[in-house]
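# Survey of secondary and tertiary structure
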Amino acid sequence: MKKQVYLQKSVLHGNQAWAEQNRKLFQKHSVLTVNLISSPGAGKTTLLERTIKDLKKYLRVGVIEGDVATTLDAEKIAAQGVKTVQINTHGACHLDAKMISKIVENIQLSELDLLVIENVGNLVCPAEFDLGENLRVALLSTAEGEDKVLKYPSVFERADVVILNKIDLLPYVAFNLKRFAQEIKKVNPNIPIFQLSAMNGEGMVQWITWLLNECEKQKQKTESD
Amino acid sequence: MHEVSLMAEVLSIVETVAQEEGMVAVHKVKLVLGEGLLLMPDSLQFAFDILKKEPIADTATLEMETKEGRVFCVEYIEGE
């Protein structure tokens, strides 16, 4: 017999269920988890190296490195003396919550305060996949141009904080800071923005202070539960 | 860019629901596609044609409706 079945079922429901499970697990161990998203070459790894260097005397940090191939970034981060695990997606353009769920089995969450997930370098696909993170960081570099905010709005719309990297290059590139701030405001009105250079350290203090504060908030949240 | 993996998820939902409903064949799958997701209908169609398989979904056709926002869901399936 012919029939029509209405399901109205979200295709990403499966990923969402894994993400919620991850979030619960991070919360249980009071680990603040950050999902770091940018295009390739914006400076995710350099920012992470610098952030770890500045933070490791205050916090226990772990890193999940997502890349299509190689362990180059994981080696750089591991050289900072923090626990690092690598996911190679072998072609996939983003990380999903199930991959994270599988890999956290290899991480002692109780020994961490902060877990950073460096997503695959891509300004489109990672936006749609909740990994169970507490904070989503969208990173843009001055060399890419401020128009990327409007060209790739999803990443910026769904972020909790925006970082503009490579401000040391501002004298040499045609990046309009004023328009950048306006365009971020259009897609995500109340989002905090940090301007810094992960290379020379300018502006890092504000970012580090903010992140330490967020880790503290996460701890208090776990205690009050 | 990730249309193939999303379509694999769609077909897994379709097959599960069809089995639950006691269907032996699915004739049509209707998707609703949010513009905000920046997914390419042509790629989704391509992935659907390649991934649909026997015994339940191999002859199914795909209909897609584009809407505003970020919704991406299987609205209904038709079959017997």
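Keep in mind that what you see is a predicted model, and the values were worked out from it rather than measured.

Given 3.6 residues to a turn, an α-helix orients residues that are three or four positions apart in the same direction. Residues and elements named next belong to chain A. The first and last C-alpha atoms of helix H1 (residues 13-28) sit 23 Å apart over 16 residues, in line with the 22 Å expected at 1.5 Å per residue. Residues of H1 that are buried include every one of Asn15, Ala19, Asn22, Phe26 and Gln27, and no others. All buried residues of H1 fall inside an arc of 135 degrees around its axis, so they share one side. Residues Lys24 and Lys28 are exposed on H1 and point more than 90 degrees away from its buried face. Structurally, H1 contributes buried residues whose contacts are with strand S2 (32-37), helix H4 (97-103), strand S5 (114-118) and helix H8 (204-224). Looking one or two places after H1, you find serine 30, whose phi comes out positive at around 45 degrees.

This next bit is on the nonpolar core. In terms of nonpolar packing, the biggest core is built from 30 residues, with Met7, Val10, Val26, Val29, Phe72, Val74 and Ile77 of chain B touching the most fellow members. Elements with a minimum of two residues in this core: strand S1 (3-10) of chain A together with helix H1 (3-20), strand S1 (26-34), helix H2 (41-51) and strand S3 (72-79) of chain B. Counting residues per element, this core draws most heavily on H1 of chain B, which supplies eight residues. If we ignore the near neighbours within four places in the chain, the residues touching methionine 7 of chain B are Leu31, Leu44, Ala47, Phe48, Leu51 and Leu62 of chain B. Grouped together as the second largest cluster of nonpolar side chains are 29 residues, Phe194, Leu196, Met204 and Cys215 of chain A included.

A word on the pattern of salt bridges. On inspection of all chains with the given rule, the structure shows 17 salt bridges over all chains. Close ionic contact of aspartate 130 of chain A with arginine 23 of chain A constitutes a salt bridge, the shortest N to O distance being 2.7 Å. In this pair, aspartate 130 of chain A is assigned in the loop between S5 and strand S6 (135-141) and arginine 23 of chain A in helix H1, connecting sequence segments 107 residues apart. In this structure, lysine 53 of chain B engages glutamate 15 of chain B in a salt bridge whose closest nitrogen and oxygen atoms are separated by 3.8 Å. Linking lysine 53 of chain B in the loop between H2 and strand S2 (61-67) with glutamate 15 of chain B in helix H1, this pair joins segments that are 38 residues apart in sequence. A residue is classified by how much of its surface remains accessible, and lysine 53 of chain B, at 48% relative accessible area, is partly exposed. Linked through salt bridges whose partners overlap, the residues forming this network are Glu128, Glu157 and Arg158 of chain A together with Arg70 of chain B.

In the predicted model, chain B carries a mean pLDDT of 93, and the fraction of residues at 70 or more is 99%. The complex model carries a pTM of 0.88, and its ipTM stands at 0.88.

Residues and elements named next belong to chain A. Note on placement: isoleucine 117 falls in strand S5. Separated by 52 residues in the primary sequence, isoleucine 117 and glutamate 65 place their C-alpha atoms 6.1 Å from one another. If sequence neighbours within four positions are ignored, isoleucine 117 has contacts with Thr33, Val34, Asn35, Leu36, Ile64, Leu95, Ile100 and Leu131.

Right, let's get into the packing of helix H2 (residues 44-55) of chain A against H8 of chain A. Residue and element names in this part refer to chain A. H8 packs onto H2 with a crossing angle of 70 degrees between their chain directions and a minimal axis gap of 11 Å. As summarised for this structure, H2 and H8 are arranged roughly perpendicular, according to the angle between their axes. For the element pair H2 and H8, the recorded crossing hand is right-handed. Counted together, Leu47, Arg50, Thr51, Asp54 and Leu55 of H2 and Met204, Trp207, Ile208, Leu211 and Leu212 of H8 form the full contact between these two elements.

The rules behind each value
- Residues numbered from 1 in each chain as written.
- Chains lettered and ligands numbered in written order.
- Predicted model: local features only at pLDDT ≥ 70, side-chain atom pairs only at ≥ 80, totals over all residues.
- Heavy atoms only, no water.
- Helix = DSSP H or I, 4+ residues; strand = E, 2+ residues; numbered from the N terminus.
- Expected span 1.5 Å × (residues − 1).
- Buried < 20%, exposed > 50% of the residue type's maximum accessible area, 1.4 Å probe, protein only.
- Arc of directions from axis to C-beta.
- Contact = heavy atoms within 4.5 Å.
- Core = buried A, V, L, I, M, F, W, Y, C linked by side-chain atoms within 4.5 Å.
- Salt bridge = Lys/Arg side-chain N within 4 Å of Asp/Glu carboxyl O.
- pLDDT = per-residue confidence, 0-100.
- Axes fitted to C-alpha atoms, helices over the stretch in contact; angles between N-to-C directions.
- Parallel < 35°, antiparallel > 145°, perpendicular 65-115°, else oblique.
- Left-handed = near helix turned anticlockwise from the far one by under 90°.

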